[in-house]
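# Remarks on the overall topology
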Amino acid sequence: MSALIEAQALVKLYRMGDETVHALDGVNFTIARGEYCAIVGPSGSGKSTLMNIIGGLDTPTSGRITIADNDIGAMSDDDLAVFRNQTIGFVFQSFNLLPRLTALENVELPMIYGGIIPKERRERAAALLARVGLGARMGHKPTQLSGGQQQRVAIARALAGKPSLILADEPTGALDTNTGIEIMALFRELNAEGATIVIVTHDHEVATQTRRTIEMRDGHIVADRVNGQEARHDAHV
Amino acid sequence: MMRTSDLISSAGRALRSNPLRSALTALGVIIGVASVVAMVALGSGAQAQVERSIASLGSNLLIVVPGAQRSGGGVRAQAGGGMGWDTLTIDDAEAIAQLDGVAVVAPSQRARTQVIANGLNWNPQVEGVTPSYLEARDWEIASGRMFDETEERQARRIIVLGATVANELFPNLDPVGQMVRMNGGTFEVIGVLESKGQSGSGADQDDVVLAPLTTVKRRISGRRGRGDSVSQISVKAQSEDVLNTLQQDVETLLRQRHRTREGEDDFTVQNLSSITETAAQTTQVFTYLLGGISAVSLLVGGIGIMNIMLVSVTERTREIGLRKALGARQGDILRQFGLEAVTLSVAGGIIGLILGVAGAWLMTSLFTLPLVISPLNAGLAIAFSGLVGVLFGAYPAWRAAQLDPIEALRRE
Ligand SMILES: Nc1ncnc2c1ncn2[C@@H]1O[C@H](COP(=O)(O)OP(=O)(O)OP(=O)(O)O)[C@@H](O)[C@H]1O
Ligand SMILES: [Mg+2]
């Protein structure tokens, strides 16, 4: 399998007055195409910071990261916007659906910025909603849907741009246990169909359902396991 | 890159999601544009009115009247008071006619008397004139004819009626050929003048009877009209270019003839075109002033748009962050918010234009002014409101485009 994500000596600093926070402090890893990977670690360990950089929402202070051959640190704002649109599918903890739009229109949204014609857009959005089991809820507004249904809409939206990589930051964090299990099952299916997925989670139960777990602490990767087995890479402490 | 149709529907959706707020925001521009349109139309109407009365006075015209100019700049138009009412003579008029640049000279004697005809009576201005008076005043005969020089010299009892007099005395029949009584004598109506409407000062220029100068002096004027004196000499210049020179030449000539020095004149030469030009300029300044004051309200409307757009950007921070995360470029966000602002202002501009035209129509009919609305002004009003949207929408839209998606998504 070819590497989809390659990170070398990734550093992200935040300056808060006199203090400097090392949100990422020299992180190295690779993720291959088709992987299903969880990033775990205590609060403040740098998980979201890493996800934002992988997703092209943020750029590293130093080090180098390429995703599908895109050098994130060297891209302009507009390049990053196109990259996010074409390469990344985001799933957020709080769903982030636009409340005035229907489920169908929410799924169409990334395709609008991709410049896809309305007819094609609508067909693909409908197919994706059917795929996540919401074929009968396409005209509903987010407030008319349950949390689990909203997250399914968000997952359908993440798939809309035919992304190389799906990033989910605490996708089950706002859901009850059973609904969380359903959502995780959906991710597993999507991975089985070929999608590369990276999930950030607090929940070790959730992490064990993925095929690989990267554990972070204080901006470092401290463990990297496959299915709960031996570490594949040495942790860089 | 967003498609234009998606951009438009996106902006339209945002505006429709809060219709009351959108309407109130547009209201600022509506009031601004409506008042600019109405005020400029009102001012243009006043200006057109002044220009119309300039044209009706006759072009390239100097009017010489007896009496000195007052220190305030005004003129004792009618020779009242103690002295100076009979200082102008027919000989003066003949001398003026010899000057360079003169097209025609028309001495006239004014009188007021009752005119009785048809069992009706009327009290118009009676002007004793020579036939050249019509040319000097740019006046035309509507029906019948003007008397000629022979008839004038023979002091024939014939008259030409102004349109108002004709209507008042002969409401239902053709006045030409009819007889009227004036000052105890019988006169035949031989013609009717074309209507000139109101003068600049609002007087009815058609409330007049023209009679041969000699006739008026002999048969109508009282003591005042006796002898050689006239109450007015109309001097038409060959062109506008020579008008000012001619005015000086007339003044010099009359000073020589009357043996007066500058400053002690017993006559006044009025240059009507310069007076009316000043009036036209005044109304034009007035128009600009009204338009300018109203433009300030348009500015206030623009600030209202900016205010609401800034509020909207703050409220929709999370939405903007999400859109950017999903692939909206800075330009996409900039264009969406810019389009929202321009839509508000142009919609306001169109409604304002309609209300402004209605208001202008109401006011001009109230003040009996002509309604002047040029398509250029209307187009400018719309374009200007669009510009207001661009100017005042630019900063909020720029702020939205610059939002950091991570920060924006974190916002609650
Ligand atoms: N914009 C920022 N400005 C300053 N410091 C920041 C900023 N974002 C993150 N940090 C700091 O960077 C560190 C890593 O934060 P990050 O959000 O990546 O943690 P996390 O692992 O996602 O935590 P959690 O599980 O609570 O979401 C923290 O110490 C945080 O305070
Ligand atoms: Mg986090």
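Residues numbered from 1 in each chain as written. Chains lettered and ligands numbered in written order. Predicted model: local features only at pLDDT ≥ 70, side-chain atom pairs only at ≥ 80, totals over all residues. Heavy atoms only, no water.

Here the focus is the domain arrangement of chain B. Interfaces are often sized by the accessible area lost when the parts come together. Structurally, chain B comprises domain 1 (4-54 + 278-410) and domain 2 (88-265). When each unit is reduced to the centre of its C-alpha atoms, the spacing between domain 1 of chain B and domain 2 of chain B is 55 Å. (Domains from an automatic or database assignment.)

Counting residues at the interface gives 28 residues for chain A, matched by 24 residues for chain B. For the pair chain A and chain B, the two sides together bury roughly 2300 Å², of which 55% comes from carbon and sulfur. At the surface where chain A touches chain B, the tally comes to 3 salt bridges. For the side of chain A that touches chain B, the elements supplying multiple residues, two or more each, are α2 (77-87), α3 (103-113) and α4 (118-131) of chain A. The dominant element in the side of chain A that touches chain B, judged by the number of residues it contributes, is α2(A), at 6 residues. Its residues assigned to classes, the side of chain A that touches chain B comprises 14 nonpolar, 6 polar and 8 charged. (Contact = heavy atoms within 4.5 Å. Buried area = accessible area lost by both parts, 1.4 Å probe. Salt bridge = Lys/Arg side-chain N within 4 Å of Asp/Glu carboxyl O. Helix = DSSP H or I, 4+ residues; strand = E, 2+ residues; numbered from the N terminus. Nonpolar A, V, L, I, M, F, W, Y, C, P; charged D, E, K, R; others polar.)

This part covers helix α1 (residues 47-54) of chain A. Residues and elements named next belong to chain A. Most of α1 sits out of view: 7 of its 8 residues are buried. When we look at burial in α1, the residues that qualify are Lys47, Thr49, Leu50, Met51, Asn52, Ile53 and Ile54. Two residues or fewer past α1, Gly56 is found with a positive phi of approximately 70°. (Buried < 20%, exposed > 50% of the residue type's maximum accessible area, 1.4 Å probe, protein only.)

Okay, the confidence of the model for chain B next. Caution applies to low-pLDDT parts of the model: their predicted coordinates are not meant to be read in detail. All names here are of chain B. Looking at chain B as a whole, the pLDDT averages 86, with 93% of positions reaching at least 70. The weakest mean pLDDT in chain B belongs to helix α9 (residues 272-315) at 84; the strongest belongs to helix α10 (residues 317-325) at 95. Across residues 71-83 the pLDDT falls below 50, and counting only partners more than four positions away or on other chains, this stretch makes 16 contacts in the model. (pLDDT = per-residue confidence, 0-100.)

What follows deals with the environment of Ala237(B). Residues and elements named next belong to chain B. Among the structural elements, Ala237 can be located in strand β11 (residues 232-237). Ala237 sits in the buried class, given a relative accessible area of 2%. With 133 residues separating them along the chain, Ala237 and Val104 place their C-alpha atoms 7.1 Å apart. If near-sequence neighbours (up to four positions away) are discounted, Ala237 is found in contact with Asn60, Gly101, Ala103, Val242, Leu243 and Leu246.

This paragraph deals with the sheet that holds strand β6 (residues 88-91) of chain A. Residue and element names in this part refer to chain A. Taking strand neighbours across the sheet as the criterion, the 6 strands line up as β6-β7-β8-β3-β9-β10 in an open arrangement whose pairing is mixed. Since the sheet does not close on itself, it has two edges, and those belong to β6 and β10 (220-226), each with one partner. Direction aside, neighbouring strands of the sheet carry axes that sit 20° apart on average. Each of β3 (36-40), β6, β7 (165-169) and β8 (196-200) is contacted by helix α6 (residues 177-192), which is oriented at about 150° to β8, the strand it contacts most. (Pairing = 2+ DSSP bridges. Axes fitted to C-alpha atoms, helices over the stretch in contact; angles between N-to-C directions.)

Together, Leu20(B), Leu24(B), Leu27(B) and Ile31(B) give the surface a local cluster of nonpolar side chains, amounting to about 400 Å² of exposed area. One can find Leu24(B) in helix α2 (residues 19-57). (Patch = residues over 30% accessible without salt bridge, like charges linked within 9 Å, V, L, I, M, F, W, Y side chains within 5 Å. Areas by Shrake-Rupley, 256 points an atom, 1.4 Å probe, with all protein chains shown as cover.)

For the rest of this paragraph, the subject is the packing of aromatic side chains. Per the stated rule, a full pass over the model turns up 2 aromatic pairs over all chains. Considering the side-chain rings of Phe90(A) and Phe92(A), the 5.7 Å spacing of their centres and the 15° angle between planes classify their relative orientation as stacked. Taking the relative accessible area as the measure of exposure, Phe90(A) reaches 6% and is therefore buried. For Phe92(A), a relative accessible area of 11% puts it in the buried group. Pairing Tyr395(B) with Trp398(B) gives two aromatic rings, centres 6.3 Å apart and planes at 25°, and the pair type is stacked. Residue Tyr395(B) and its partner Trp398(B) are both found in helix α12 (residues 375-402); the two are separated by 3 residues, about one turn of the helix. (Phe/Tyr/Trp six-rings, centres within 6.5 Å; stacked < 30°, edge-to-face > 60°.)

Residues and elements named next belong to chain A. Strand order in the open sheet made by the 4 strands is β2-β1-β4-β5, with antiparallel pairing throughout. Pairing within the sheet leaves two strands with one partner each, and these edge strands are β2 (19-32) and β5 (70-71). In this structure, strand β1 (residues 3-16) lies alongside strand β4 (residues 62-67), joined through 5 bridges in antiparallel fashion. Of the residues in β4, the one forming a bridge with Glu6 is Thr66.

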